[in-house]
Amino acid sequence: MEQKLRALSDSERMDWLRLARSENVGPATFRKLIQRFGSAKTALERLPDLAKRGGQRVYRPFPLKAAEQELANLAAMGARAIAWVEPDYPAALRAVDDSPPILTARGRFDLLTRSRQVALVGARNASANGRRFAHDMARELSAAGMTVVSGMARGIDGAAHLGALTATGSTIAVLAGGVDVLYPPEHEVLFERLAVEGLIVAEMPPGTEPGARLFPRRNRIISGLSLGTVVIEAALKSGSLITARFANEQGREVMAVPGSPMDPRCRGTNRLIREGALLVEDASQVLEAIDGIMSLKTRLPENFNSNAHNIDSEIENETDDVRMEILTLLGPSPVEVDELLRQCHCSAPVMGMVLLELDLAGRLERHPGNRVSLLAKVA
């Protein structure tokens, strides 16, 4: 039976936050836990046992007091924590396989449920012409009813946010750190305007400082919020190309603005066009590309909202017999899960349970293409 979106109770939200912040629980593992156990509360209760079965002797879920403090900090700044199954969670982002279970937001919450959103990203060291182009395109897109999404970085990102703010204010900044952490420092005025006139969102808890490993995570949210991504000036190793790759993997439209072959900042965008990205030269062409794309939908876990938590003791008992076989088949080189299934001759639910246990124990690494590899055993 298809499940429906609904607002979580305060206690459920606390459980969701604790589960999402617990060690080794990424977005994919979170969804598997909810599907297996039906609720975050039950999943939290099972975490220590599952991690122990996977090889981690001591496992403590995210503390209740820390979760209470996080929610209090968000409330103090007028921000919210929104769960993946709630109506206010952006529909386009929900359709992404590794979308954050919890999204924190600060500012105009009405922008979360807008269906027409487009990302504008590009070089931090953008040219004056590139910044002006991004500003004007964002202003025109905002005036036409689009919400402009970007990452509040220097250069193209900042210009895009400012352009949208001069029109309707319909712009979303996705941060690599917490929603209360300003980065870069020179965008202090922009940051303050976005918190009032636009919207700031983040996957990480308040107070988190942005680090190098967090920017690719942020980029997948930028593209995931959007029906399409426009790249304006990007070098061959630009982070904007990572956003474009995420957009392509997520089944979204990828667009690029052509530039001079003499400018290294345009080599990435020109290559995108050679590889099949849509060439766009003004806002009308972006609107034409986006028109007709419907809001993306995704099904909730079948077991969500169920009172009968899907705790199949027979499946868990069977994992004892096949765990060693799976550990033998796994190694440092990625292997497809389907190949593991063929070789170990176990059922998909048993395989899923063993991989979940190894995930929680910090012994499994997941790779694109439904592939997994084994990490060194924890002490």
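Residues numbered from 1 in each chain as written. Predicted model: local features only at pLDDT ≥ 70, side-chain atom pairs only at ≥ 80, totals over all residues. Heavy atoms only, no water.

Asks: Mind showing me how you'd approach the pairing of strand β3 (residues 117–122) here?
Replies: Counting buried positions along β3 yields 6 of 6 residues, so the element is predominantly enclosed. Burial along β3 is two-sided: the residues Q117, A119 and V121 and V118, L120 and G122 are all buried. In this structure, β3 lies alongside strand β4 (residues 147–150), joined through 3 bridges in parallel fashion. Residue Q117 lies in a different strand from β4, and its bridge partner there is T147. Here 5 bridges tie β3 to strand β7 (residues 228–232), and the two strands are oriented parallel to one another. Looking across to β7, one finds that L120 is bridged to V230. (Buried < 20%, exposed > 50% of the residue type's maximum accessible area, 1.4 Å probe, protein only. Helix = DSSP H or I, 4+ residues; strand = E, 2+ residues; numbered from the N terminus. Pairing = 2+ DSSP bridges.)

Asks: How should I be thinking about the nonpolar core in this particular structure?
Replies: Here is a general trend for soluble globular proteins: nonpolar side chains tend to be buried in one another's company. Of all hydrophobic cores here, the largest spans 68 residues; its most connected members are W16, L19, L33, V201 and L360. Here the element with the most residues in this core is helix α3 (residues 40–54); it accounts for 6 residues. (Core = buried A, V, L, I, M, F, W, Y, C linked by side-chain atoms within 4.5 Å.)

Asks: Quick question: what am I supposed to make of the sheet that holds strand β2 (residues 102–107) here?
Replies: In a beta sheet, neighbouring strands pair by backbone hydrogen bonds and run either parallel or antiparallel. Read from one edge to the other, the open sheet built from 9 strands follows the order β1-β2-β6-β5-β4-β3-β7-β8-β9, with strand pairing classed as mixed. With one partner strand each, in any of the chains shown, β1 (79–83) and β9 (278–279) form the two edges of the open sheet.

Asks: Would you explain the confidence of the model for the chain in this entry?
Replies: Interpreting fine coordinate detail is not advised for predicted regions of low pLDDT. Of the residues in the chain, 92% have a pLDDT of 70 or more, and the chain-wide mean is 91. The low-confidence segment residues 306–311 (pLDDT under 50) makes 16 contacts with residues lying over four places distant or belonging to another chain. (pLDDT = per-residue confidence, 0-100. Contact = heavy atoms within 4.5 Å.)

Asks: I keep staring at the pattern of salt bridges and nothing clicks. Help me out?
Replies: Close approach of charged atoms allows side chains with opposite charge to pair. Per the stated rule, a full pass over the model turns up 23 salt bridges. Measuring nitrogen to oxygen at the nearest pair gives 2.7 Å for the salt bridge that ties R53 to E357. On the criterion of sequence distance, the pair formed by R53 in helix α3 and E357 in helix α15 (residues 348–360) is long-range, its members being 304 residues apart. Among the charged side chains, a salt-bridge network with shared partners connects D98, E203, R217 and R220. (Salt bridge = Lys/Arg side-chain N within 4 Å of Asp/Glu carboxyl O.)

Asks: What exactly am I supposed to notice about helix α6 (residues 128–143) here?
Replies: With 16 residues, α6 extends 23 Å from end C-alpha to end C-alpha; this agrees with the ideal 22 Å at 1.5 Å per step. Residues of α6 that are buried: G130, A134, H135, M137, A138, L141 and S142. Trailing α6 by a residue or two, G145 shows a phi angle of about 100°, which is positive. (Expected span 1.5 Å × (residues − 1).)

Asks: Just to check I follow, could you spell out the sheet that holds strand β11 (residues 364–367) for this structure?
Replies: One open sheet holds the 3 strands; their spatial order is β10-β12-β11, and the pairing between them is antiparallel. The open sheet terminates on both sides in strands that have one partner only, identified here as β10 (335–336) and β11.

Asks: Explain the environment of T42 here, please?
Replies: By secondary structure assignment, the location of T42 is in helix α3. In this structure, the C-alpha to C-alpha distance between T42 and I222, residues 180 residues apart in sequence, is 32 Å.

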